[in-house]
Amino acid sequence: MNIGIIGLGFVGLSLSSVLASKGHAVIGIDTDKKKCLEIRNGKSPIYEPDLEKTLKNALKKSLKISDNFSLIKNCDMIFVTVGTPQKINGEIELSMIKKAVKSIGKIIKITKKNPIIFIKSTVIPGTTKKIILPILEKESGKTADKEFGIISNPEFLQESNAIRDTKCPHVIILGGTNTKYMKRAKAFFSKMHHNVPIIITKYQTAEMIKYANNSFLATKISFINQLSNICQNIPDADVDDVASAIGLDPRIGKLFLSAGPGYGGSCLPKDMSALINFGGSVGADTAFLKAVKKTNDEQINSIISLMKKRLGSLSNKKITILGTAFKPNTDDIRDSKSIELIKKLLKNKVKISVYDPKALENTKRIFGNKIVYSKSLTSALDKSHAAIIMTQWKQFELISNKSLHNMKNKLIIDSRRMLAKKELDGEYYAIGIGEKR
Ligand code: UGA
């Protein structure tokens, strides 16, 4: 199979690497020449476990990387994996995907193949049918469902597990019309992923499934965060014990019930805003989704108020932020709650030092010399009035009394309850745990 992949972010690059490793002839396209060069040299532009290893293996096999769209003219399948960020008003920004699809349309015009175009980028319901399909038909002068296929194929992979999720998805969604292209797509995916359910549905439903999935995950997180704020005010209560117990009820499930500083990243916050915006535009009441978002927006304040309660004025205090990535095993800081916290603390004239095993370079791009970047956990804690654990990096579990030795004031605020079972000198407060009685 000749396969083209447009957009080499973490979704496109993982897919290119996995498909090429499986023996398909894959051409990965990205308009960023520098990024293409880096990838061609076997270097992943993002930190993602197993990605670089899979990429190197794929480059040895049949993966080609280029910024030249015309190379996809012999492709049987073209996956669109470009970003769909959000505008300031929460609406989805489609300019990148429209541009990519125009270029694909021009290729369809000259190709002798009847390719299938898969839309993997997250787009609001109606986009594939009402916007993308007409662009492809206009640019190619050919008819969808006859001379080429177009299928909505949302993805559910998680950063930091991108390779695992690309190889073993929990479901395949194919949205579109029931044509020979759909049959071809179904055969392709069932061969690639044995025993994975394939759901064939209409375009709009496929697009909606993606938003339903992410907004449900966001709902679980806001739910447990709200309970965590209640638990924190009950002596001896522990939100993790509550979560583990309710998680045993199969109707609830144990995943995504880990309380913290709120959900961040490039997907959940953006998709919640886009869904609220879209729901409003079709006249639906989105009060529930808005409450989920509001809970998330306010969660960071519970950390700040815990800090103020213990330190009084924050002005000129040195505070150490442990973890700036939006979750562990990534260097991604997009919409990270840690970045939001640092911005708020800077407004309070706090002196900040940060440590993150992978995300310091990205953090520097935002804060420059406004904060101090430490190469190690212990140097970050040196002379600090308080430390806040924001990202659940495994190595923070190793924090001991020795690590706290040089702190000015041994105050730890743990937004992930990583040290809850340890006996530490000094004061320890965790989100979701009531004071010991
Ligand atoms: C999310 C979805 O989980 C993927 O299924 C989806 O494909 C992806 O968005 C996307 O739309 O591309 P991701 O952004 O990688 O994946 O991150 P998650 O693992 O969902 O975590 C999001 C945030 O929620 C993180 O800040 C994490 O710390 C937080 N979180 C997660 C919690 O606070 N508690 C939890 O129990 C789980």
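Residues numbered from 1 in each chain as written. Predicted model: local features only at pLDDT ≥ 70, side-chain atom pairs only at ≥ 80, totals over all residues. Heavy atoms only, no water.

Caption draft 1: Quick peek at the domain arrangement of the chain. As assigned here, the chain comprises domain 1 (2-201) and domain 2 (242-430). Computed from C-alpha coordinates alone, the two centres of domain 1 and domain 2 are separated by 33 Å. Each partner contributes residues to the interface: domain 1 has 15 residues there, and domain 2 has 18 residues. In total, about 1,400 Å² of surface goes out of reach between domain 1 and domain 2, with carbon and sulfur atoms giving 52% of it. In terms of surface lost to domain 2, no three residues of domain 1 exceed Y47, Q86 and E159, which account for 43% of the buried area on that side. The shortest N-O distance in the salt bridge between E159 and R334 comes to 3.7 Å. Seen at the junction of domain 1 and domain 2, the total is six residue pairs in polar contact (both at pLDDT 80 or more). Taken together, the residues that form the side of domain 1 that touches domain 2 break down as six nonpolar, seven polar and two charged. (Domains from an automatic or database assignment. Contact = heavy atoms within 4.5 Å. Buried area = accessible area lost by both parts, 1.4 Å probe. Salt bridge = Lys/Arg side-chain N within 4 Å of Asp/Glu carboxyl O. Polar contact = N/O pair within 3.5 Å; in protein donor to acceptor, adjacent residues only side chain to side chain. Nonpolar A, V, L, I, M, F, W, Y, C, P; charged D, E, K, R; others polar.)

Caption draft 2: Looking closely at the packing of helix 12 (residues 337-347) against helix 13 (residues 360-367). Taken N-terminus to C-terminus, the directions of helix 12 and helix 13 make an angle of 40°; their axes are 12 Å apart at the nearest point. Between helix 12 and helix 13, the angle falls in the class oblique. Considering the relative orientation of helix 12 and helix 13, their crossing is right-handed. Between helix 12 and helix 13, the contacting residues are I339, I342, K343 and L346 on the first element and T363, I366 and F367 on the second. Tallied by class, the residues present in the contact of helix 12 with helix 13 amount to five nonpolar, one polar and one charged. (Axes fitted to C-alpha atoms, helices over the stretch in contact; angles between N-to-C directions. Helix = DSSP H or I, 4+ residues; strand = E, 2+ residues; numbered from the N terminus. Parallel < 35°, antiparallel > 145°, perpendicular 65-115°, else oblique. Left-handed = near helix turned anticlockwise from the far one by under 90°.)

Caption draft 3: The site of the ligand, seen in detail. The environment of the ligand is made up of 20 residues, and the closest members are L157, Q158, E159, K210 and S258. At a separation of 3.3 Å, an oxygen atom of the ligand approaches a polar backbone atom of L257. Contact with the protein chains hides 93% of the accessible area of the ligand, taken as 720 Å² for the molecule alone. For the shell around the ligand, the secondary-structure elements that each account for two or more residues are helix 8 (203-231) and helix 10 (268-281). (Near = heavy atom within 4 Å. Areas by Shrake-Rupley, 256 points an atom, 1.4 Å probe, with all protein chains shown as cover.)

Caption draft 4: Representation of the packing of helix 8 against helix 10 in the model. Two numbers describe how helix 8 lies on helix 10: the axes approach to 9 Å, and their chain directions differ by 115°. In terms of their interaxial angle, helix 8 and helix 10 are classed as roughly perpendicular. Here helix 8 runs over helix 10; the crossing is left-handed. Contacts between helix 8 and helix 10 involve M208, K210, Y211, N214, S215, L217, A218 and I221 from the former and L268, D271, M272, A274 and L275 from the latter. Its residues assigned to classes, the contact of helix 8 with helix 10 shows nine nonpolar, two polar and two charged.

Caption draft 5: Expanded view of helix 5 (residues 127-140). Taking 1.5 Å per residue as the helical rise, helix 5 with its 14 residues ought to reach 20 Å, and the 18 Å between its terminal C-alpha atoms agrees with that figure. L133 marks where helix 5 bends most, by close to 30°; the proline P134 follows one to four residues later. Inspection of helix 5 places T127, T128, I132, L133, I135, L136, E139 and S140 among the buried residues, and these make up the whole buried set. Turning to helix 5, the residues buried within the fold contact helix 4 (95-110), strand 5 (116-119), strand 6 (149-152) and helix 8. With its phi angle positive at about 70°, G141 sits one or two positions after the end of helix 5. (Expected span 1.5 Å × (residues − 1). Bend = angle between axes of the 7 residues up to and from the residue. Buried < 20%, exposed > 50% of the residue type's maximum accessible area, 1.4 Å probe, protein only.)

Caption draft 6: Region of interest: helix 3 (residues 51-60). Within helix 3, the full set of buried residues consists of L51, T54, L55 and A58. Taken down its axis, helix 3 places every buried residue within 100° of arc, on the same side. Set apart from the buried face of helix 3 by more than 90 degrees, the exposed residues are K53 and K60. Of the surrounding secondary structure, the elements contacted by the buried residues of helix 3 are helix 1 (10-21), helix 2 (33-40), strand 3 (63-66) and helix 6 (162-167). (Arc of directions from axis to C-beta.)

Caption draft 7: Just the layout of surface pockets, in detail. Within this model, the second largest pocket holds a volume of roughly 620 Å³. Lining the second largest pocket are 28 residues, with Y428, Y429, I433, G434 and E435 sitting closest to its centre. The dominant element in the lining of the second largest pocket, judged by the number of residues it contributes, is helix 11 (residues 287-311), at five residues. In terms of residue class, the lining of the second largest pocket is made up of 11 nonpolar, seven polar and 10 charged. (1 Å grid on protein atoms, 1.4 Å probe; cavity = no way out; pocket = protein on both sides within 12 Å on 5 of 7 lines; lining within 4 Å. Points joined across faces, edges and corners; volume = space filled by probe spheres on them.)

Caption draft 8: Inspection of the pattern of salt bridges at higher detail. According to the stated counting rule, one finds 21 salt bridges in the structure shown. Between D297 and K293 there is a salt bridge; the shortest N-O distance is 2.9 Å. With D297 and K293 both in helix 11 and four residues apart, the pair spans about one turn of that helix. Residue classification places K293 among the partly exposed positions, given a relative accessible area of 28%. A network of salt bridges, in which partner residues are shared, links E159, D332 and R334.

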